[in-house]
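Reading the structure
Residue-level listing of the chains:
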Amino acid sequence: MRRIPAELCVRCKGAKFLCGLTSCPILERFRAVTNAASKVRLDVGLLQGSTPPSVIVGEKGYPKVSLSFNVAPEVVGEQARLYEDPAGWWGRASLHDIINYRSSLVSNFSMYRINDVWKLYEREISLATISERPVLSESKVTGKLETKLKFDGIVMPRGPTIKADDIRVTENPKVPKILDRLINDDVKANDAVLTLYRGGEDVYRVVSALSTGLLGTLKNRKLVPTRWAITAVDSIVGDSLLKEVRDLPWVSETSVFFQGYLGNYFHIIIYPSSFFSTWVEIWYPTSLWAGELTITDLSEDYWGKYGTLDGGYMAARLAALEYLTKIRRSAGVMIIREVTGEYFAPVGNWHIRETVRRAFNNRLGSFQGLGEALDLVQGRLKDGRVKLREIRAIKRVLNQTRIDSFFDS
Amino acid sequence: MKFKAVDAVSIASILRTVGEFMPEVTLVSTKEGLRLGGVDPSRVAYVDIVIPSLYFQEFESGEREVIGIKLEDVINALKNVKKNDGLTFFTNEGKLELTIEGDFERSFIIPLVELEEPKNPGINLQFAFKAKMLTSTFNETLDILSDMGESVVISSEDGKLIISVEGDVGVSRVELSEAAGNLIEASGTNASSVYGLDYLLKTTKMRNSSDVVELMFGTQLPLKLRFQLPQEGYGDVYIAPRAE
């Protein structure tokens, strides 16, 4: 994450915005955390409120992991949904809003071994995390409320944390029928994920179900760290869609799509070809993680082979494959992500999936070929110093000749 | 169509190699033998395998028989073949019957798929440079370079064959020549072209089927790899260059 020099904050004190942001993240976080903390009754060790639902299984210490059952203190019913609602947030909530929501959600954690899934099931804790509506809970908590927020590029931010000695779900979770059936079925996790996705469940609920050990063969169910579960679901569903898309006829023209949210801007080029995907990330100076202009890339071939596993790419890839499946066409896909200084705190990779999904509703135009489409995107980049045609993964596509051009006519 | 090979591993490796390039393939059998291949879906490579009838212990074919197979099905069936296993392919009423004879007999019935009959394209190129080497030498070279980058420069300089890969951390280069004893033959003029390394790596399974490979290329021309098979059979793989 970009470091704002402390001396700047000391001089500014949240009033002059010397860091260039439009509001002070320290003050906003402080306000949200103190607001949430004031609602936890530490004197009697009680935390009451609804979970949106929201759960995070940690990976540190695997196979003994933390499970954070996230609760909005003293918030009851539908109002709690706002604290974890990626699809509903998109386009409406600013980065500040999202940080505020997450800062207001108390991460109510306990340690479990990964095969403790049935304990969580019997107490309906795992069922509450996949409920269609917020679920009321009551937790006995001990120790200090740790007010530090945790940010991550894949998982949503985690709010103030407190240790839960006992979590009681005090309202019946509303579990979708298809999920209820799969919890009781002896089905491989891979097949269960696909059944849920094809049955119309959103990927976020599927991730929670996989993460809390509700899917898989009955003997082998385990808690899965949320970060792994997110990429696993993107990957399982994406691979299945790719198998379907690979054999479809090619798109007939080159199109460019665009969408932006939270300081992340996506241009997507779809061009006539067998499936081949190119992912380019341009991190501008002052954006997260990058002190200087940084460009990363990766490619995925027709067979689904890629060099490195990137959670951001897997989320974008899922959205692109959903689009190709919808139009019943195969294509070459080039996704160019620009990350600007507006994106000053990571809030997980959900926004990549959601923004790319929505980009396909915003076509900028049709073009003669890939070169012409790239010229358009080049002209729209936030910084003209970036030369798209010189980026390795793009060069690879542009320079590759086709064998049929050497056949005797 | 019916054929029986005494070396199941060799046939399995040929099919695995083709399976690296394409999901399905058409097998065409005539009295002369078997031919399979096609252009890969990304249209970068063309594979053309010819296995003469004499290669097989038994070979029966009509004038011209054409079947389509899904390679994943066949490769899965052949995944446990051992060196001395025999292998029989037999087509019967829209199905392929595959029998592996070894310590015990295993049979698989695989449905055929409908594919367009391939038109074998003419591809007559004047290559600037040709070199012949052991397939094991070729594989070792690719093995050395495989993790270094994603495109490979193949060039010839004064009769030497130079294969190099430029990666993020530097350039790796392997030089092969008749004088050094790692080329069986080499001839031609200086040339240089760039190819996708991943396409070359797809050919490494041919090592179990072929002992000698001939490599042919020219500047801005496809790379042709001819894997020699017994009884004058061959496995040709053409890879289109990158215009760099």
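Here the residue numbering is sequential within each chain, running from 1 through the sequence in written order. Throughout, the order in which chains and ligands are written sets their labels, letters from A for the former and numbers from 1 for the latter. Predicted model: local features are reported for residues with pLDDT of at least 70 only, side-chain atom pairs are reported and counted for 80 or more only, and whole-chain, interface and lining totals are derived from all residues. Values reported for side chains reflect all heavy atoms of the structure, with hydrogen atoms and water molecules removed beforehand.

Residues count as neighbours in contact if any of their non-hydrogen atoms are within 4.5 Å of one another. Taken together, the contact pairs 17 residues of chain A with 31 residues of chain B. Carbon and sulfur atoms supply 54% of the area that chain A and chain B bury against each other, a total of about 2200 Å² over both sides. We count a salt bridge whenever a side-chain nitrogen from Lys or Arg sits within 4 Å of a carboxyl oxygen from Asp or Glu. Between chain A and chain B we count three salt bridges in total. Taking the shortest distance from any N to any O, the salt bridge between Asp 198 of chain B and Arg 396 of chain A comes out at 2.8 Å. Two N or O atoms form a polar contact when they lie within 3.5 Å of each other; inside protein one atom must be a possible hydrogen donor and the other a possible acceptor, and for residues adjacent in sequence the pair counts only when both atoms belong to side chains. Counting across the interface, chain A meets chain B through 13 residue pairs in polar contact (both at pLDDT 80 or more). Lys, Arg, Asp and Glu make up the charged group, whereas Ala, Val, Leu, Ile, Met, Phe, Trp, Tyr, Cys and Pro make up the nonpolar group; the residues left over, Gly among them, are polar. Here the side of chain A that touches chain B is built from residues that sort into six nonpolar, four polar and seven charged. Note: buried area is the sum, over both parts, of the accessible area (probe 1.4 Å) each one loses when the two are combined.

Turning our eyes to something else, we now look at the packing of aromatic side chains. Residues and elements named next belong to chain A. Each pair of aromatic rings taken from Phe, Tyr and Trp, with Trp reduced to its six-membered ring, is defined by centres within 6.5 Å and is described as stacked if the planes are under 30 degrees apart, edge-to-face if over 60, and tilted in the remaining cases. Counting across every chain of the model gives 22 aromatic pairs over all chains. Ring plane angle 55° and centroid distance 5.8 Å describe the contact between Trp 279 and Tyr 313, whose orientation is recorded as tilted. One end of the pair, Trp 279, is in strand β9 (residues 276-283); the other, Tyr 313, is in helix α11 (residues 311-327), and 34 residues separate them in sequence. Of the two residues, Trp 279 and Tyr 313, neither departs from the other in class, the shared state being buried. Through pairs of rings, three or more aromatic residues link up here, namely Tyr 83, Trp 89, Trp 90, Tyr 101, Tyr 261 and Trp 350. In this text, helices come from DSSP runs of H or I with a minimum length of four residues, and strands from runs of E with a minimum of two, each type numbered from the N-terminal end. Burial classes: relative accessible area under 20% of the type maximum marks a residue as buried, over 50% as exposed, and values in between as partly exposed (1.4 Å probe, protein chains only).

Let us look at the sheet that holds strand β2 (residues 24-30) of chain B. All names here are of chain B. Whether two strands pair comes down to DSSP finding at least two bridges between them. Read across the sheet, nine strands follow the order β6-β2-β3-β4-β18-β17-β16-β10-β14 without closing on themselves; strand pairing throughout is antiparallel. At either margin of the open sheet sits one strand with a lone partner, and together these are β6 (64-70) and β14 (185-188). Strand after strand, the sheet turns through a mean of 15° between neighbouring axes, direction not considered. Sheet topology places strand β3 (residues 33-39) next to strand β4 (residues 45-52); seven bridges connect them, and they run antiparallel. What sits directly across from Arg 35, in β4, is Val 50. The axes are straight lines fitted to the C-alpha atoms, using for helices just the contacting stretch, and the angles between their N-to-C directions are given from 0 to 180°. Packed onto the sheet, helix α1 (residues 8-21) meets β2, β3, β4, β17 (223-229) and β18 (233-239) and runs at close to 160° relative to β4.

With that settled, the discussion passes to the sheet that holds strand β10 (residues 294-300) of chain A. Remark on secondary structure: sheet strands pair via backbone hydrogen bonds, oriented parallel or antiparallel. All names here are of chain A. The strand order across the open sheet formed by six strands is β10-β9-β11-β8-β7-β12, and the pairing between neighbours is mixed. Strands with a single pairing partner mark the edges of an open sheet, and in this sheet they are β10 and β12 (363-367). Strand-to-strand twist of the sheet, defined as the mean angle between neighbouring strand axes without regard to direction, takes the value 15°. Taken together, the eight bridges between strand β8 (residues 264-271) and strand β11 (residues 332-339) define a ladder with antiparallel strand orientation. Bridged to Ile 269 within β11 is Met 334.

This paragraph deals with the pattern of salt bridges. Residue and element names in this part refer to chain A. Tallying each qualifying case throughout the model produces 37 salt bridges over all chains. The partner of Asp 152 in a salt bridge is Arg 227, with the nearest N and O atoms 2.3 Å apart. Taken together, the residues span a long stretch of sequence, with Asp 152 in the loop between β5 (135-146) and β6 (161-169) and Arg 227 in helix α10 (residues 226-246) at a distance of 75 residues. By relative accessible area, Asp 152 is classed as buried at 16%. Under the relative-accessibility criterion, Arg 227 is labelled partly exposed at 28%. As a salt-bridge pair, Arg 317 and Glu 300 come within 2.8 Å of each other at their nearest N and O atoms.

All names here are of chain A. Running from N to C, helix α9 (residues 203-211) and α10 point in directions that differ by 130°, and their axes come no closer than 9 Å. The angle between α9 and α10 falls in the class oblique. Regarding α9 and α10, the two cross each other, and that crossing is right-handed. On α10, the residues that touch Val 203, Val 206, Val 207, Leu 210 and Ser 211 of α9 are Thr 226, Ala 229, Ile 230, Ala 232 and Val 233. Of the residues in the contact of α9 with α10, the class split is eight nonpolar, two polar and no charged. Orientation labels follow simple angle bins: below 35 degrees gives roughly parallel, above 145 gives roughly antiparallel, 65 to 115 gives roughly perpendicular, and whatever is left gives oblique. Note: crossing handedness is left-handed where the near helix turns anticlockwise from the far helix by less than a right angle, and right-handed where it turns clockwise.

Below, the discussion takes up the domain arrangement of chain B. Residue and element names in this part refer to chain B. As assigned here, chain B comprises domain 1 (2-111) and domain 2 (129-239). In this complex, domain 1 contributes 21 residues to the contact, which on the side of domain 2 involves 18 residues. The largest contributions to the domain 1 side of the interface with domain 2 come from Thr 17, Glu 20 and Phe 21, which together make up 26% of the buried area. At the surface where domain 1 touches domain 2, the tally comes to one salt bridge. In this structure, the salt-bridge partner of Lys 205 is Glu 20, at a minimum N-O distance of 3.0 Å. Viewed at the interface, domain 2 and domain 1 are joined by eight residue pairs in polar contact (both at pLDDT 80 or more). For the domain bounds, the source is a domain assignment made automatically or taken from a database.

Turning our attention to the nonpolar core. Nonpolar cores are built from buried Ala, Val, Leu, Ile, Met, Phe, Trp, Tyr and Cys residues. Side-chain atoms within 4.5 Å join them into one set. Judged by nonpolar contacts, the single largest core of 82 residues is most densely connected at Leu 215, Ile 268, Ile 270 and Trp 350 of chain A. In terms of residues, this core owes the most to one element, α11 of chain A, which gives 10 residues. Sequence-distant contacts of Ile 268 of chain A, defined by excluding residues within four places in its chain, comprise Ser 255, Val 256, Phe 257, Val 333, Met 334, Ile 335, Val 356, Ala 359 and Phe 360 of chain A. Core analysis: the next-biggest nonpolar cluster, separate from the first, contains 79 residues, Ala 131, Leu 183, Ala 191 and Leu 221 of chain B among them.

Moving on, we come to the confidence of the model for chain B. The score called pLDDT rates the predictor's confidence residue by residue, from a low of 0 to a high of 100. Predicted confidence across chain B gives a mean pLDDT of 94, with 100% of residues reaching 70 or more. Reported confidence for the predicted complex is 0.94 by ipTM and 0.90 by pTM.

A few words now on empty space enclosed by the protein. Here a cavity is any set of points on a 1 Å grid over the protein atoms alone where a 1.4 Å probe fits but cannot get out, and a pocket is any open set with protein on both sides within 12 Å along at least 5 of 7 lines; a residue lines the site when it has an atom within 4 Å of a point. Grid points are joined across faces, edges and corners, and a volume is the space filled by probe spheres set on the points. Counted by the stated rule, this structure contains four cavities of 30 Å³ or more. Of the volumes computed, that of the largest cavity is approximately 220 Å³. Every element with two or more residues in the lining of the largest cavity is listed here: β2 (55-57), α9, α10 and α12 (350-359) of chain A. Here the lining of the largest cavity takes five residues from α9 of chain A, the largest share from any one element. The class makeup of the residues in the lining of the largest cavity is 10 nonpolar, four polar and three charged. The computed volume of the second largest cavity comes to approximately 60 Å³. If you trace the second largest cavity, you find it lined by Phe 3, Ile 11, Ile 14, Leu 15, Leu 27, Leu 34, Leu 36, Ile 51 and Phe 89 of chain B. The set of elements that each furnish at least two residues to the lining of the second largest cavity consists of α1 and β3 of chain B. At three residues, the largest contribution of residues to the lining of the second largest cavity is made by α1 of chain B. In terms of residue class, the lining of the second largest cavity is built from nine nonpolar, no polar and no charged.

As a further point, take the UniProt feature "domain: Proliferating cell nuclear antigen PCNA C-terminal" (unreviewed entry) in chain B. UniProt positions are given in the numbering used here, feature names are shortened, and annotations may be inferred rather than shown by experiment. Within the UniProt annotation, "domain: Proliferating cell nuclear antigen PCNA C-terminal" (unreviewed entry) is assigned to residues 127-241 of chain B. As a span, residues 127-241 of chain B carries 14% helix and 49% strand, and end to end its C-alpha atoms are 13 Å apart.

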